[in-house]
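# Observations on chain architecture
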Amino acid sequence: DATKALGPQVNYTITGIDAGAGVMGNTQTALEKYGLTQKNWQLQTSSTAAMTSVLDKALKNKQPIVITGWVPHWMFTKYDLKFLDDPKKVYGESEGIHTIARLGLKKDQPGFYQFLENFNWTSDQLAQVMLQINDGGDPAKAAKNYLKKHPEQLNTWLKNVPEGKGKTVTVAYVAWDSEIASANVAKAALESRGYKVNIRSMDAQPMWTAVATGAADASLSAWLPVTHDAYAKHFKGKYVDVRTNLDGAKTGLAVPTYMTNINSISDLKN
Ligand code: PBE
């Protein structure tokens, strides 16, 4: 009921995802900065899968719900959602997905490092792979299909990358949908040049730790400058920020568009 206060209708709960996600830490900050903790608002930890399933149900019943949202993600393709305005800029102004590498990688694996310097794409391109996977497609197959359809882009990515001759590299990623797509596409691209690529799925903190300690060679899953700021600060000097592999990422709080009275995080107070 749009005329009633939102808080009691959703039990003052924001439906979140995994605890290690940067958007969770920032949402906790948002609750404090917007004075929502005093109003008993709380952030529920769950997983992307659980969050999107609760979201799916709410949408089917046209019920109110507040979630931690982000793009690129298929939730914004599949559902009519809107980000809540964030006048206090808790979630930052512009965000990108960065490629990070372990110290010494450029010297040890110049060919692989060259690939990392070459690799970037757009949200629309990433979505082609992500949506195939969301439709039940095998991630490795979706990645190979993408490369078949974009041979020129593959050439750009492999520019000045010498034959791998079976050299092994390890790429850490977090199993968020956008990162499942990028890890698999990078793997397929490198394998077409003769590299052997181990992609390892882990939580956000272990991912950063793996790159910072050299247990992984690189990762394409770093959201900067805001979402993973805490990790970036913690591991400062222990990793190389190679480049932005995708521009125009965004995180924040999101609601279905039928919640016409709720447009800003400040509106949650009413
Ligand atoms: N996300 C998706 C991640 C980065 C990718 C927004 C859930 C996070 O919050 O750490």
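Residues numbered from 1 in each chain as written. Predicted model: local features only at pLDDT ≥ 70, side-chain atom pairs only at ≥ 80, totals over all residues. Heavy atoms only, no water.

Moving on, we get to the packing of aromatic side chains. Each pair of aromatic rings is reported with the distance of its centres and the angle of its planes. Within the structure shown, the criterion is met by ten aromatic pairs. Relative to Trp157, the ring of Phe119 lies with its centre 4.5 Å away and its plane at 50 degrees, an arrangement referred to as tilted. One end of the pair, Phe119, is in the loop between α6 (110-118) and α7 (123-134); the other, Trp157, is in helix α9 (residues 151-157), with 38 residues separating them in the sequence. What makes Phe119 buried here is its relative accessible area of 0%. (Phe/Tyr/Trp six-rings, centres within 6.5 Å; stacked < 30°, edge-to-face > 60°. Helix = DSSP H or I, 4+ residues; strand = E, 2+ residues; numbered from the N terminus. Buried < 20%, exposed > 50% of the residue type's maximum accessible area, 1.4 Å probe, protein only.)

This part takes up the environment of Val161. Tracing the backbone through its elements, the reader meets Val161 in the loop between α9 and β6 (168-173). Here Val161 falls in the buried class, since its relative accessible area comes to 4%. Between the alpha carbons of Val161 and Ala218 there is a distance of 16 Å; along the sequence they are 57 residues apart. Setting aside residues up to four positions removed in sequence, Val161 forms contacts with Gly111, Gln114, Phe115, Asn118, Arg193 and Tyr195. (Contact = heavy atoms within 4.5 Å.)

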